[in-house]
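Residue-level listing of the chains:
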Amino acid sequence: MPGSASVSCLGPWPKDVGIIAMELYFPSQYVEQSELEQFDGVTAGKYTVGLGQARMGFCSDREDINSLCLTVVQRLMERNGLSYDSIGRLEVGTETIIDKSKSVKTVVMQLFEDSGNADVEGIDTTNACYGGTAALFNAVNWVESSSWDGRYALVVAGDIAVYATGSARPTGGAGAVAMLVGPDAPLAFERGLRGTHMKHAYDFYKPDMVSEYPVVDGKLSIECYLSALDRCYSLYRNKIHAHWQRDGSEKLFSLEDFGFLVFHSPYCKLVQKSLARLMLNDFLSDPCSNTESGPFAGLDAFRDVRPEETYFDRDVEKAFMKASSDLFERKTKASLLVSNQNGNMYTPSVYGCLASLIALHTPAQIAGQRVGVFSYGSGFAATLYSLRVTQDHTPGSSLDKLVSSLSDLKARLESRKKVSPAVFSENMKLREETHHLASYVPRSSVEDLFPGTWYLNRVDDKHRREYARRPLDDDLSAEPERVRSTTATAQILRVVHCVHRLPPAASHVALAR
């Protein structure tokens, strides 16, 4: 696999730094949004049509942010045949805080113990749904800096999105994404092409330190999201225009210059509205745009609108959603697979969209394309940046391997267990009452988890959390359990082979704590 190099071989600037491999984890159970509409006594279609959501994944009391990140990291390492000593940086982006001091990253370091590799930079990065993107930028910057020692960086974005009973609850979800970062990547960052906008706002925040639930100003949150999108797109276009002008081109940038576009997805309908919003920006920025025919046909009445006055303008929204419908089908719709079926994962949301886009296309279909990525986190922080997909889509290429590793995404979503809204509600109540407790043993069944999932085993009287891993199924070549005693306690060792593409010689011992 590309990416790792000896320090003596390092050049002045690593080439094509970006995402080499991705892994996605989501809970093994979900609730149907149509059934939740009936359970909540709301109008049919409020969640499924109004929000664009079909299903919502959720965690029992057996899972927390630590277990999610342990699972997705180990799965990425196994499926890609990676040794833990090949990682030089590990950073976690999350807003699911279960400790005000100890980072999730330090818990994940348990996976590195048998390799003897403790020389791993990075800690946690937090700002609502933006933390994963900040961690990813840090990883790319590390590889491109004088600090790089030739090893990979590993970025983990994970969250459990839960809300109090009410209108926001159906916009929840849970999951984690792990991304391997290094040079010669199939998804390379386009240098200097980022538009960032950050501002103070109380649109969504979590001031109650003993509650998982946020305080949400729904209307303000949408306004902040759309205003950040406007500003980031404007900045991005200015920067790419400057690049083009240096090359002697006066071409104006438009949405057609993106092969695909993915967005942070609190709910799918907002993503569709966001693409329409970018089309409005294209329309207003080009005074010569044709309103007689083409994509802007019939939109002349909106020529003089002020963007900051249109966040909740239904006429503008309806007109540009209709005008951008073809763009949406071609460039964005495929990215909403996980969002539609699993819900909002907070920091991993936009990267779940990226993984969905890759999973639903062939290497040839995405090769050479520019992918626009809009990441937003409340409070607020936002960036629009772009990735360039490698041209090489031959069998066995890095792009072919990346697409292959995500090709089972749809099947994995379908393999989950459906539960009733009543059971979902009971789980939310259980988490609400117990997630902060000491001396707690989770009540939910481990057998409901996917094979190979890490889970919370117990919390002791000092709030120390212990984890174990559910064995892999027999058809996944799990070895028998072995027990080793230490002076303090008996610890369970499970020797596991890879789930995907790891040769037996690369198997390793995972310590279940």
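Residues numbered from 1 in each chain as written. Predicted model: local features only at pLDDT ≥ 70, side-chain atom pairs only at ≥ 80, totals over all residues. Heavy atoms only, no water.

1. Brief notes about the overall build of the chain
Here is step 1: Tallying secondary structure elements over the chain gives 14 helices and 19 strands in all.
Here is step 2: Taken over 513 residues, the chain has a buried fraction of 57%.
Here is step 3: Of the contacts made within the chain by residues no fewer than 6 positions apart, 72% connect residues no fewer than 24 positions apart.
Here is step 4: Of the accessible surface of the chain, which amounts to about 21100 Å², a share of 50% is contributed by carbon and sulfur atoms. (Helix = DSSP H or I, 4+ residues; strand = E, 2+ residues; numbered from the N terminus. Buried < 20%, exposed > 50% of the residue type's maximum accessible area, 1.4 Å probe, protein only. Contact = heavy atoms within 4.5 Å. Areas by Shrake-Rupley, 256 points an atom, 1.4 Å probe, with all protein chains shown as cover.)

2. Observations concerning the sheet that holds strand 14 (residues 417–418)
Here is step 1: Reading across the sheet, the three strands line up as 3-2-14 and stay open at both edges, with mixed pairing between neighbours. Unpaired on one side and paired on the other, strand 3 (55–57) and strand 14 mark the two borders of the sheet.
Here is step 2: Inspection of the sheet shows strand 2 (residues 29–32) paired to strand 3 by three bridges, in the antiparallel sense. Counted as the bridge partner of Tyr 30 is Gly 57 from strand 3.
Here is step 3: Seen against the sheet, helix 1 (residues 33–40) touches strand 2, strand 3 and strand 14 and runs at an angle of roughly 60° to strand 2. (Pairing = 2+ DSSP bridges. Axes fitted to C-alpha atoms, helices over the stretch in contact; angles between N-to-C directions.)

3. A look at unusual backbone geometry
Here is step 1: Along the chain, Gly 379 connects to Phe 380 via a cis peptide bond; the corresponding omega equals -10°.
Here is step 2: When you line up the elements, Phe 380 lands in the loop between strand 12 (370–377) and strand 13 (381–389).
Here is step 3: For Asp 184, which is not glycine, the phi torsion reads 55° and is therefore positive.
Here is step 4: One can find Asp 184 in the loop between strand 7 (173–182) and strand 8 (187–198).
Here is step 5: Of the residues examined, Asp 184 reaches a relative accessible area of 44% and is grouped as partly exposed.
Here is step 6: Not every positive phi belongs to a glycine, and Tyr 346 is a case in point at roughly 65°.

4. Points about the pairing of strand 4 (residues 87–93)
Here is step 1: Taking burial as the measure, the seven residues of strand 4 include seven buried ones, the bulk of the element.
Here is step 2: Pairing between strand 4 and strand 6 (residues 152–161): six bridges, direction parallel. When the sheet's bridge partners are listed, Gly 93 is paired in strand 6 with Ala 157.
Here is step 3: In this structure, strand 4 lies alongside strand 5 (residues 124–125), joined through two bridges in parallel fashion. By the bridge assignment for strand 5, Gly 93 is matched with Thr 125.

5. Observations concerning the environment of Tyr 385
Here is step 1: Looking at the secondary structure, you find Tyr 385 in strand 13.
Here is step 2: Along the sequence, Tyr 385 and Arg 191 sit 194 residues apart, while their C-alpha atoms lie 9.3 Å from each other.
Here is step 3: With residues near it in sequence (within four places) discarded, Tyr 385 still touches Thr 133, Leu 136, Phe 137, Phe 189, Leu 193, Arg 194, Tyr 236, Tyr 351, Val 371, Gly 372 and Val 373.

6. Considering the environment of Met 198
Here is step 1: With respect to the helices and strands, Met 198 occurs in strand 8.
Here is step 2: Each C-alpha atom, one on Met 198 and one on Ala 381, is 4.4 Å from the other, the two residues being 183 residues apart in sequence.
Here is step 3: Residues in contact with Met 198, not counting those within four places in the same chain, are Tyr 130, Phe 380, Ala 381 and Ala 382.

7. Quick word on the UniProt feature "active site" (unreviewed entry) in the chain
Here is step 1: Within this structure's numbering, the places UniProt gives as "active site" (unreviewed entry) are Glu 95, Cys 129 and His 264. Lining the second largest pocket, out of the annotated residues just given, are Cys 129 and His 264.
Here is step 2: Relative to the assigned elements, Cys 129 resides in the loop between strand 5 and helix 4 (131–143).
Here is step 3: Exposure remark for Cys 129: the relative accessible area of 8% places this residue in the buried category.
Here is step 4: Excluding anything up to four places from it in sequence, Cys 129 contacts Glu 95, His 264, Tyr 346, Thr 347, Ser 375, Tyr 376, Gly 377 and Ser 378.
Here is step 5: With respect to the helices and strands, the residue His 264 is situated in the loop between strand 11 (260–263) and helix 6 (268–285).
Here is step 6: Those residues in contact with His 264, other than ones at most four positions away along the chain, are Cys 129, Tyr 225, Val 271, Asn 344, Tyr 346, Ser 349, Val 350, Phe 374, Ser 375 and Tyr 376. (UniProt positions renumbered as here; feature names shortened; annotations may be inferred. 1 Å grid on protein atoms, 1.4 Å probe; cavity = no way out; pocket = protein on both sides within 12 Å on 5 of 7 lines; lining within 4 Å.)

8. Concerning helix 5 (residues 218–246)
Here is step 1: Counted at 1.5 Å a residue, the expected span for helix 5 with its 29 residues is 42 Å, and the 43 Å between its end C-alpha atoms agrees.
Here is step 2: Just downstream of helix 5 lies Gly 248, where phi reads positive at about 90°. (Expected span 1.5 Å × (residues − 1).)

9. Topic: empty space enclosed by the protein
Here is step 1: Per the stated rule, a full pass over the model turns up four cavities of 30 Å³ or more.
Here is step 2: Considering the residues around the largest cavity, the lining is formed by 16 residues, among which Asp 64, Arg 431, His 435, Leu 456 and Arg 465 are closest to the centre. (Points joined across faces, edges and corners; volume = space filled by probe spheres on them.)

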